[in-house]
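A closer look at the structure
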Amino acid sequence: MASNDDAATGAANGNGNQAQPSLNVLAQYVKDLSFESPGAPNSLRGRDKAPGIAINVNVNANPLSDKQFDVNLTLNAKASFDQEVLFNVELVYGGVFAISGFPQEHMLPILFIECPRLLFPFARQIIADATRNGGFPPLMLDPIDFAQMFQQRIAEDQAASKVQVS
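Attention in this report is confined to the structure presented alongside it. Along each chain, residues carry numbers from 1 onward, in the same order as the chain's sequence is written. In keeping with the model being predicted, local features are shown solely for residues with a pLDDT of at least 70 and side-chain atom pairs are shown and tallied solely at 80 or more, while totals for entire chains, interfaces and linings include all residues. The side-chain values count all of the structure's non-hydrogen atoms but skip hydrogen atoms and water molecules.

**As for the nonpolar core**
Across soluble globular proteins, nonpolar side chains have a tendency to be buried as a group. We define the nonpolar core as a collection of buried residues of types Ala, Val, Leu, Ile, Met, Phe, Trp, Tyr and Cys that are connected through side-chain atoms lying within 4.5 Å of one another. Each residue is assigned to one of three classes by its accessible area relative to the maximum for its type, calculated with a 1.4 Å probe on protein chains only: buried under 20%, partly exposed between the two thresholds, exposed over 50%. Residues Leu73 and Ile99 are the most contacted members of the largest nonpolar core, which totals 33 residues. Sorting the residues of this core by element identifies β2 (52-63), β3 (68-81), β4 (84-100), α2 (107-133) and α3 (146-165) as the ones contributing at least two each. Counting from the N terminus, the helices are the DSSP runs of H or I reaching at least four residues and the strands are the DSSP runs of E reaching at least two. Of the residues forming this core, the biggest block, 12 residues, is contributed by α2. Among residues more than four places away in sequence, those in contact with Ile99 are Ser22, Leu23, Lys67, Phe69, Met107, Ile110, Leu111 and Cys115. Residues count as neighbours in contact if any of their non-hydrogen atoms are within 4.5 Å of one another.

**Section: the environment of Ala40**
With respect to the secondary-structure elements, Ala40 resides in the loop between β1 (22-36) and β2. On a C-alpha basis, the gap between Ala40 and Leu86 in space is 7.8 Å, while along the polypeptide they are 46 residues apart.

**A look at unusual backbone geometry**
Trans peptide bonds make up the majority, and among non-glycine residues the majority have a negative phi. The amide bond that connects Ala40 to the next residue, Pro41, takes the cis arrangement and shows omega of 5°. The phi dihedral of Asp82 is positive, around 55°, even though this residue is not glycine. Here Asp82 shows up in the loop between β3 and β4.

**Focus: the pattern of salt bridges**
A pair is scored as a salt bridge if a Lys or Arg side-chain nitrogen falls within 4 Å of a carboxyl oxygen belonging to Asp or Glu. Inspection of every chain in the model, using the stated rule, returns 2 salt bridges. In this structure, Glu114 engages Arg117 in a salt bridge whose closest nitrogen and oxygen atoms are separated by 3.1 Å. One end of the pair is Glu114 and the other is Arg117, both in helix α2 and 3 residues apart, which spans about a single turn. When its relative accessible area of 34% is taken as the criterion, Glu114 is described as partly exposed.

**Quick word on the side chain of Asn72**
Along the chain, the position of Asn72 falls in strand β3. Given the relative accessible area of 8%, Asn72 is considered buried. We call two N or O atoms a polar contact when they sit within 3.5 Å, provided that within protein one can donate a hydrogen and the other can accept it, with sequence-adjacent residues counted only if both atoms are side-chain atoms. Here Tyr29 takes part through its side chain, which lies 3.3 Å from a polar atom of the side chain of Asn72. Once you skip the residues sitting within four places of it in the chain, Asn72 turns out to touch Tyr29, Lys31, Asn58, Val59, Asn60, Val92, Tyr93 and Gly94.

**Overview of α2**
In this analysis, the expected span of each helix is defined as 1.5 Å times one less than the number of residues it contains. Between its first and last C-alpha, α2 extends 38 Å over 27 residues, near the 39 Å set by a 1.5 Å rise per residue. Bend is computed residue by residue as the angle between axes fitted to the seven residues ending at the residue and the seven residues starting at it. The largest bend along α2 measures about 40° and falls at Phe120, with the proline Pro121 one to four residues further on. Gly135 sits one or two positions beyond α2 and adopts a positive phi of about 100°.

**Notes on the sheet that holds β1**
Spatially, β1-β4-β3-β2 is the arrangement adopted by the 4 strands of the open sheet, whose pairing is antiparallel. In this open sheet, the two edge strands, each paired with only one partner strand, are β1 and β2. Put simply, the sheet's adjacent strands are angled 15° from each other on average, direction ignored. Two strands are said to pair when DSSP picks up at least two bridges between them. Here 13 bridges tie β1 to β4, and the two strands are oriented antiparallel to one another. Looking at β4, one finds that Leu33 is bridged to Leu91. Under this scheme, a helix contributes an axis fitted over its contacting stretch, all axes are lines through C-alpha atoms, and angles between N-to-C directions fall in the 0 to 180 degree range. Against the sheet, α2 contacts β1, β2, β3 and β4, and its axis sits at roughly 140° relative to β4.

Printed below as a string of structure tokens:
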């Protein structure tokens, strides 16, 4: 009698004769980190209301080989009070991913949704540490909906291509 482990191994190894899809993180790294507090130490004083914070997020992906990709998550956060910039932090956080066994039509969503979703918690912690080390409360970024960002980017690309054709 075959065990459940044998049955699972047989199903995974080849009854379909296809390689199992895999997504592996090979490396993660800080490509660029900048923190500026141009008004320090005056910008560190307490205020009666919270500053305005503008956050910008971008994702880029580049192939390194047939199965390896470099994905960069760029986060910019700028805190201002009236006209005064309290701090400006920029992080480009990258990851090298090995991706294999997925259909071609799934590659863009993997690169622009799943990969940045794996990188985000680490980038979020770096931003929080940088702002705390700059003398401010740690900036804890809310989770980002990378699927929505990807859909918006596809819609913008399609709109731009329609404008160019006309």
